[in-house]
Amino acid sequence: MVPPALLAALLAAAGEMTPIPPGSLEGRPPPAEASPLQARIDAAAPGAVVLVEGGVHVGDLYLDRPVHLLGKGRPRLVGSGKGSVVRIRAPGVIVEGFDIDGLAGGDLVADSSGVHVAAPGAVVRDCRIVNSLFGVYLRQAPGARIEGNVIRGIPDREAGEKGSGIHVWNTDGFVLVGNDIADARDGIYIQSAPRGVTRGNAARRLRYGLHYMNSDDNVFEDNVFEHSAAGAVLMFSSRIQFRRNRFLHNRGFASVGLLFKDLSDSVAEDNLVADNARGIFLEGSIGNVFRRNVIAESDVALVIYGSCSGNRFEGNAFLGNLTPLTLFARRTDTAFDGNYWSDNDQPDLDGDGRSDRPYTVGNLFDHLRGNLTAADLMAQSPAAAALSAAERTFPVLDPVQVVDRAPLARPPVLPAVPVPAPAQRRLDPWGTLGGLGLLALGLAGLTGLRPRRAGRAA
């Protein structure tokens, strides 16, 4: 079996995502690079509130005692351009209410950031961080809370020349809430960081909205990952929970909404996965459950490799996708139970809400597409549709049968699934379903108007 070139490229990219080792830890800046606020920090008692009012303060800050650095009137902290603007090195530090500018300087090897944290219990809240290689970097910072920040990277640089909006390394029990990230390399990068909560963040115009590996027992809720090469890429982890997230408009040669690679025992429920090149991609993943999600308007709804086992899809709504499934395998034990498929035309004569016959997930062309490189070149051609129709009428091959044995006859009510925000109304999965219904009625009407064949009673 040879996978199509574009999916091979996606897997190759995933293979390149090796863990990123931390750089050398930046120390106290030399006097020539230090902020004029440094003297106030050095004179503050542990637990003190250091209030900074307005103005522009040029230079880097070194916080080596537990203080609350509080900005009033949005003061600007402009770095020296040589390293991290704010360096937190003591437990319990709070930084709140600042505009922070990294001047597009520093060193990727040293993890230069708008705010660099290497101590437990830090809080970074209500800051706007721009022109920094990394926005916020958590290095062995257990219990950190990063909340309500706006982070903008360096937009005119290539992804490999800048860092992530929020980078979490070897940090237990972190919380990322309500941050808005764009124009970095990856929006949120999490590595070797268990038991975290990532909730209500937005990440766009990135390589990967979420880049995640070797981190167990994390929770992701109410986030938006959109307009990137990939919405979320998760690898080598277990027991992850995804709820009410949106994976939108992730399109490109090897793009995907949500990718699981070597992920196990995780749950994705009540998410919206829409308008992606590939909706959900599974490779080497075991025992995961996908429940009550909407997967809509993607070129391929699901991509599943033969290295997967024990995964389950139940109660999902698949709406308006060009292809429901591309399977790279001779067989699969992936279970489909009670999902809604917008192209399922089987009746529900007994009115129990389930189609009377199973729904075959995919068709002959999709089977060839998953096993022949050249077939992908014909993916949206009339020949592909004709081949699938011919096989339904005169079956001559025996492709892998992947079926939903009790598909829903009507779209389920999924109140917990988020809808696109007003600015994202380019897609409307439920509208798509209505359009398909009108199309079906129109086709039925045309069929009824066809002339009767000769020899039949009038």
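The shown structure was predicted, so the numbers you read here are calculated from the model rather than taken from an experiment. (Residues numbered from 1 in each chain as written. Predicted model: local features only at pLDDT ≥ 70, side-chain atom pairs only at ≥ 80, totals over all residues. Heavy atoms only, no water.)

Caption draft 1: Structural context of the pattern of salt bridges. Under the definition given, this model contains 35 salt bridges. Measuring nitrogen to oxygen at the nearest pair gives 3.1 Å for the salt bridge that ties Asp60 to Arg87. Here Asp60 is found in the loop between β2 (56–58) and β3 (61–63), whereas its partner Arg87 is found in strand β6 (residues 86–88), with 27 residues between them in sequence. Among the salt bridges present, the one from Arg244 reaches Asp222, with a minimum N-O distance of 2.9 Å. (Salt bridge = Lys/Arg side-chain N within 4 Å of Asp/Glu carboxyl O. Helix = DSSP H or I, 4+ residues; strand = E, 2+ residues; numbered from the N terminus.)

Caption draft 2: Local environment of the confidence of the model for the protein. In this model, the protein carries a mean pLDDT of 86, and residues with pLDDT of at least 70 account for 80%. Every residue in residues 428–458 scores below 50 in pLDDT, and together they form 20 contacts with partners more than four places removed in sequence or on other chains. (pLDDT = per-residue confidence, 0-100. Contact = heavy atoms within 4.5 Å.)

Caption draft 3: Spotlight on the pairing of strand β30 (residues 278–283). Taking burial as the measure, the six residues of β30 include six buried ones, the bulk of the element. Here four bridges tie β30 to strand β33 (residues 300–305), and the two strands are oriented parallel to one another. Paired with Ile280 across the bridge in β33 is Leu302. (Buried < 20%, exposed > 50% of the residue type's maximum accessible area, 1.4 Å probe, protein only. Pairing = 2+ DSSP bridges.)

Caption draft 4: Structural context of the packing of aromatic side chains. All told, the structure shown has 14 aromatic pairs when counted by the stated rule. Aromatic pair Phe242 and Phe247: ring centres 6.0 Å apart, planes at 55 degrees, arrangement tilted. Grouping residues by exposure puts Phe242 and Phe247 together as buried. Cluster of aromatic residues (ring-pair linked, three or more members): Tyr212, Phe220, Phe225, Phe242, Phe247, Phe260, Phe290, Phe313, Phe318, Phe336, Trp341 and Tyr359. (Phe/Tyr/Trp six-rings, centres within 6.5 Å; stacked < 30°, edge-to-face > 60°.)

Caption draft 5: Region of interest: the nonpolar core. Residues Ile88, Leu210, Leu234 and Phe242 are the most contacted members of the largest nonpolar core, which totals 73 residues. Beyond its immediate stretch of four places on either side in the chain, Ile88 contacts Leu63, Val93, Val95, Val115, His116, Val117, Ala118, Ala119, Ala122 and Val124. Tyr208, Met235, Tyr305 and Phe328 belong to the second-largest nonpolar core, a separate cluster that totals 13 residues. (Core = buried A, V, L, I, M, F, W, Y, C linked by side-chain atoms within 4.5 Å.)

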